[in-house]
Amino acid sequence: MNILLKLKETLLSVLPIMAVVLLLGVTIAPLTWELILRFLLGGILVILGLTVFLQGIDIGVIPIGERSGAALAAKRNLVLLLTVAFVIGFIVTVAEPDVQVLANQIKGISPGVNKWGLILMIAAGVGLFVSLGILRIVLSIPLNILLLVSYVIVFVLAYFCPVDFQGVAFDSGGATTGPMTVPFIMALGVGVAAVRAKTNAASAVSNEDSFGLTGIASIGPIAAVCLYGILFAHPSLQTDVSNLIDAVDGKEVAAQGPAIFIHLLPEITREVVTALLPLAIMAATFQITLIKMPPVQVLRMVRGFVLSFIGLVIFLTGANGGFMPAGERLGEVLGALAASSSLWSALLVIIACAFGAVVVIAEPAVWVLTDQVESVSGGTIKRRVMLIALSAGVATSIGLSMLRVLTGFSLWYVLIPGYALSLLLAFFCPKLFTGIAFDSGGVASGTMTSTFILSFTIGASAASGGNPAVDAFGVIALVAMTPLIAIQLLGLVYKERSK
């Protein structure tokens, strides 16, 4: 019954995306029937994969994360806890498929960039800030203070970073919070917070500290990429824009017919194995040395990992084989129309907002987060309300991204006031909502955003005469920023209603 409930939730989240794409594909932005067929098949795979994946996460990944965090915290060895937290953050980031995709995109634009050097820098940044987030929970450091100090450091580094690395840096913060990283890091935070709450006999403290770790972890890669740009500055990323455009066009040429799903399967399977293997090794190590669950629970955990593997393979196959090509083509058609008149430009922005509103609901990590929020809050914070707030925030960010593609204004015109407002709200919003908000920023900019929305933006930028290497990078950063404001505003509403 549980998997049927998840299937229902998945259908409600993915079908609106499919409806919007099909409506556009047969009206103002005609798609070939071959591409429409691929999109439909991809949608079916996304629905099935997301359902199986979420079921596996529930019974396999989240329990091992919570138990590990609780067991480590219970040992009262702060050095061990922080060291293991760093290792966990580092390993899951190196294995995260979204990070590999981002590094390949950067490598395609600027061949001088060392791909693995960049990945290792990002992973070190995540590991460091996961440890910092755990230290915050243990020492009861206010989340708003830590966020303020961290983002001040980030923006100082960004100021000295080469201009063309700035958008990439902020995008990396969203890319690291993928479908495998988020559940494990969140569960680790929940476990540590629960042990601390028992020690302090204050369950409310546990609720407040259960969230925010993912948000803190997503700051690390931003700082790491900025530092990479400062220390290992390369020629402008714009120098090889043609490489990116050719790569996008070449992928569409190579991806012909429904057989593309079979063609993609081996590569995606390898990516998912790479993503899950380090987590499986860590889970086995923790089981032997730390948590020592009974055989029944071990078998349940193994079943969860198997389901997560199968679900993620199906999901990514559908997304890459159907969603990305359709997104690119829609962006190209609408971008070309937008270049012809201001009316079409306005329509492109409206369509982008609609995509943002529905795509975020299809993010696997968003469903994991909202489920944990509803559980930890005892049902006080409803999943439906969270999803509405996230949809509104992401819709705004995608609309702003399209305006940036069409007008070419600086990314800083949005990021600086946006983060300033979100950090200001952190001093007035309930602490629980601040943690949820900064976690939401990371999970909203996940797999669906980095596939469909980024592809749509690249296509629109290339067709409207822009520079995809500059205009497209930054869209994930905006998607990660707006939920910070939306969820904290929701927290202020809850605060007033509770009075």
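See the structure above.
Bear in mind the structure is a predicted one, so any value in this text is a computation, not a measurement.

Definitions and limits used
What you see as residue numbers is a count from 1 along each chain, following the sequence as written. Totals for whole chains, interfaces and linings use all residues, but because this is a predicted model, local features are given only for residues with pLDDT of at least 70 and pairs of side-chain atoms are given and counted only at 80 or more. Derived side-chain values reflect all non-hydrogen atoms in the structure, with water molecules and hydrogen atoms excluded from consideration. In DSSP terms, a helix is any run of H or I states spanning at least four residues, a strand is any run of E spanning at least two, and both are numbered starting from the N terminus. Per-residue and other accessible areas follow the Shrake-Rupley method at a 1.4 Å probe size, with only the shown protein chains counted as cover for residues. Here is the rule: rings of Phe, Tyr and Trp (six-membered ring for Trp) pair when centre to centre is within 6.5 Å. Planes less than 30 degrees apart are stacked, more than 60 are edge-to-face, and the remainder are tilted. Only protein chains enter the accessibility calculation, which uses a 1.4 Å probe. A residue is then buried if its area is under 20% of the maximum for its type, exposed if over 50%, and partly exposed in between. Definition of nonpolar core: a set of buried residues of the types Ala, Val, Leu, Ile, Met, Phe, Trp, Tyr and Cys, connected through side-chain atoms within 4.5 Å. The criterion used for residue contact is that any of the two residues' heavy atoms lie within 4.5 Å. One side-chain nitrogen of Lys or Arg within 4 Å of one carboxyl oxygen of Asp or Glu is enough to make a salt bridge. Helix span, expected: 1.5 Å multiplied by one less than the number of residues in the helix. Nitrogen and oxygen atoms within 3.5 Å of one another constitute a polar contact, given that in protein one can donate a hydrogen and the other can accept it, and given that sequence-neighbouring residues count only through two side-chain atoms. Angular values range over 0 to 180 degrees, each being the angle between N-to-C directions of two axes fitted as lines to C-alpha atoms, with helices fitted over their stretch in contact. Roughly parallel covers angles under 35 degrees, roughly antiparallel covers those over 145, roughly perpendicular covers 65 to 115, and oblique covers all other angles. Helix crossings get a hand from a simple test, with the near helix turned counterclockwise from the far one by less than a right angle marking a left-handed crossing and a clockwise turn marking a right-handed one. Basically, the charged four are Asp, Glu, Lys and Arg, the nonpolar ten are Ala, Val, Leu, Ile, Met, Phe, Trp, Tyr, Cys and Pro, and anything else, Gly included, counts as polar. Note on bend: at a given residue it equals the angle between the axes fitted to the 7 residues ending there and to the 7 starting there.

Asks: What should I look at first to understand the overall build of the chain in this one?
Replies: Assigned secondary structure in the chain consists of 22 helices and 0 strands. Entry remark: accessible area of the chain is about 18,500 Å², with carbon and sulfur atoms responsible for 71%.

Asks: Looking at this model, I keep getting lost on the packing of aromatic side chains. Mind explaining?
Replies: Both the distance between ring centres and the angle between the ring planes are used here to describe each pair of aromatic rings. Tallied over the entire structure, the rule returns 11 aromatic pairs. Residues tyrosine 151 and phenylalanine 438 carry aromatic rings whose centres are separated by 6.2 Å and whose planes lie at 45° to one another, so their mutual orientation is tilted. With a gap of 287 residues between them, tyrosine 151 in helix H6 (residues 143-160) and phenylalanine 438 in helix H19 (residues 431-444) connect regions that are remote in the sequence. The class of phenylalanine 438 is buried, set by a relative accessible area of 2%. A ring pair is formed by phenylalanine 433 and tyrosine 494, whose centres lie 5.2 Å apart and whose planes are at 40°; its orientation type is tilted. Of this pair, phenylalanine 433 sits in helix H19 while tyrosine 494 sits in helix H22 (residues 475-498), and the two are 61 residues apart along the sequence. Comparing phenylalanine 433 with tyrosine 494, the two get one shared label, buried. An aromatic cluster of three or more residues is present, and its members are Tyr151, Phe155, Phe170, Trp412, Tyr419 and Phe438.

Asks: How should the nonpolar core be read in this particular structure?
Replies: One recurring pattern in soluble globular proteins: nonpolar side chains tend to sit buried together. Residues Phe170, Phe355 and Leu415 are the most contacted members of the largest nonpolar core, which totals 148 residues. For this core, the element with the most residues is helix H2 (residues 33-74), which contributes 15 residues. Setting aside chain neighbours within four positions, we find phenylalanine 170 in contact with Val154, Phe155, Ala158, Ile222, Trp412, Leu415, Tyr419 and Ala477.

Asks: Got a minute to help me understand the pattern of salt bridges in this structure?
Replies: Pairing between side chains of opposite charge can happen when their charged atoms approach one another. Enumeration over the complete set of coordinates arrives at 1 salt bridge. Notably, a salt bridge pairs arginine 329 with glutamate 332, separated by 3.2 Å at the nearest N-O pair. Of this pair, arginine 329 and glutamate 332 both sit in helix H14 (residues 295-338), separated by 3 residues, roughly a single helical turn. A relative accessible area of 38% means that arginine 329 is categorised as partly exposed. In this structure glutamate 332 comes out as partly exposed when scored by relative accessible area, which is 22%.

Asks: Looking at this structure, I do not really get the side chain of arginine 404. What am I missing?
Replies: As for its position among the elements, arginine 404 is in helix H17 (residues 383-407). The residues touching arginine 404, leaving out its near neighbours within four places in the chain, are Phe409, Ser410, Leu411, Val470, Asp471, Phe473 and Gly474.

Asks: So what exactly am I meant to see when it comes to the environment of lysine 75 here?
Replies: Summarising the element assignment, lysine 75 is placed in the loop between H2 and helix H3 (78-95). The exposure class of lysine 75 is partly exposed, given its relative accessible area of 46%. Lysine 75 sits 215 residues away from leucine 290 along the chain, and the two C-alpha atoms are 9.7 Å apart. Look past the residues within four positions of lysine 75 in its chain and what remains in contact with it is Leu80 and Leu290.

Asks: Help me out: how do you make sense of H3 in this one?
Replies: Because the α-helix completes a turn every 3.6 residues, residues three or four places apart line up on one side. Taking 1.5 Å per residue as the helical rise, H3 with its 18 residues ought to reach 26 Å, and the 26 Å between its terminal C-alpha atoms agrees with that figure. Turning to H3, its buried residues are Leu81, Val84, Ala85, Ile88, Gly89, Val92, Thr93, Val94 and Ala95. You can read the cap of H3 off the contacts: a side-chain oxygen lies 3.3 Å from the backbone nitrogen of valine 79, and it is on asparagine 77.

Asks: Even after reading the chapter, I still don't get the packing of helix H7 (residues 163-175) against helix H11 (residues 219-231), so can you show me in this structure?
Replies: When two helices pack together, their arrangement is given by the angle between their axes and by how far apart the axes lie. At a minimum axis distance of 7 Å, the contact between H7 and H11 shows a crossing angle of 155°. Taken together, the axes of H7 and H11 lie roughly antiparallel to each other. For the pair H7 and H11, the sense of crossing is right-handed. Contact residues: Phe165, Val168, Ala169, Phe170, Ser172 and Gly173 in H7; Pro221, Ile222, Val225, Cys226, Tyr228 and Gly229 in H11. Taken together, the residues of the contact of H7 with H11 sort by class into 9 nonpolar, 3 polar and no charged.

Asks: Explain H2 to me, please; I cannot follow it from the model alone.
Replies: In this model H2 runs 58 Å from its N-terminal to its C-terminal C-alpha over 42 residues, within 8% of the 62 Å that 1.5 Å per residue would give. Approximately 45° is the largest bend angle found in H2, and it occurs at isoleucine 57. One or two positions beyond H2, positive phi appears at arginine 76, with a value near 60°.

Asks: Please clarify how the packing of H3 against helix H13 (residues 260-291) should be interpreted in this entry.
Replies: For the pair H3 and H13, interaxial distance at closest approach is 7 Å and the crossing angle is 155°. By the angle between their axes, H3 is roughly antiparallel relative to H13. Across the interface between the two elements, Val84, Ile88, Ile91, Val92 and Ala95 from H3 touch Thr274, Ala275, Pro278, Leu279, Met282 and Phe286 from H13. Here the residues of the contact of H3 with H13 are counted per class, giving 10 nonpolar, 1 polar and no charged.

Asks: Explain unusual backbone geometry here, please?
Replies: Comment: phi is negative for the bulk of residues other than glycine, and the bulk of peptide bonds are trans. You will see that serine 140, though not glycine, has its phi angle at about 60°, which is positive. Tracing the backbone through its elements, the reader meets serine 140 in the loop between helix H5 (115-139) and H6. When its relative accessible area of 38% is taken as the criterion, serine 140 is described as partly exposed. Positive phi is not limited to glycine here, since lysine 292 has a value of about 50°. Relative to the elements of secondary structure, lysine 292 occurs in the loop between H13 and H14.

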